[in-house]
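If you want the building blocks of each chain, they are given just below.
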Amino acid sequence: AQTETPPCPCRESRRRRRGSIDRPGPASMSVMAEDPLSMPAEARKAAAMSAATSGDGRQSVRPAKLFLGGLTRHTTTKQLRDHFAQYGRVLDCVAMRQPDGRPRGFGYVTLD
């Protein structure tokens, strides 16, 4: 008798990603605590907020790195920095370009 091999977990996860949302029950929460990437977004956000709170109840704020997609070819790093300065201190800002100088259409901004 041949033993049946279990299906590949990567194929199962790809199938699940196409429009369906899994809501884990309480039994799976202990497993999810070990692997934060398997947690739903709401649970990750709540865990991050509780981890960011210091012992005296104040929240410690860490820099937020934002991905900016769909930038026009005329958008410059200076324009991004000037725009995002209204939302806080800009630690880093870059509009990505090809080695030959052509724009790649995306960039990153890190806010304090």
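Residues numbered from 1 in each chain as written. Predicted model: local features only at pLDDT ≥ 70, side-chain atom pairs only at ≥ 80, totals over all residues. Heavy atoms only, no water.

## Brief notes about the nonpolar core
Within soluble globular proteins, side chains that are nonpolar tend to cluster in buried spots. Note the cut-off: Nine residue types can take part in a nonpolar core, namely buried Ala, Val, Leu, Ile, Met, Phe, Trp, Tyr and Cys, and a core is a set of them joined through side-chain atoms within 4.5 Å. Only protein chains enter the accessibility calculation, which uses a 1.4 Å probe; a residue whose area is less than 20% of its type maximum is buried, one above 50% is exposed, and one in between is partly exposed. Runs of E in the DSSP output that reach at least two residues are strands. Runs of H or I that reach at least four are helices, and both are numbered from the N terminus. Residues count as neighbours in contact if any of their non-hydrogen atoms are within 4.5 Å of one another.
Leu68, Leu80, Phe84, Val90, Cys93, Ala95, Val109 and Leu111 form the largest nonpolar core, which has eight residues in total. Of all the elements in the fold, those that place two or more residues in this core are helix H4 (77-84), strand E2 (90-97) and strand E3 (103-111). Other than its neighbours up to four places away in sequence, Leu68 contacts Leu80, Phe84, Gly105, Phe106, Gly107 and Val109.

## Let's talk about the pattern of salt bridges
The line we're drawing: We define a salt bridge as a side-chain nitrogen of Lys or Arg found within 4 Å of a carboxyl oxygen belonging to Asp or Glu.
If you walk through the whole model with that rule in mind, you get three salt bridges. Across the salt bridge formed by Lys78 and Asp82, the nearest N and O atoms sit 2.8 Å from each other. With a gap of four residues between them, Lys78 and Asp82 both fall in helix H4, about one helical turn apart. Asp82 sits in the partly exposed class, given a relative accessible area of 47%. With its nearest N and O atoms 3.0 Å apart, the salt bridge here joins Asp100 to Arg102. Arg102 matches Asp100 in its accessibility class, with the two residues each being exposed.

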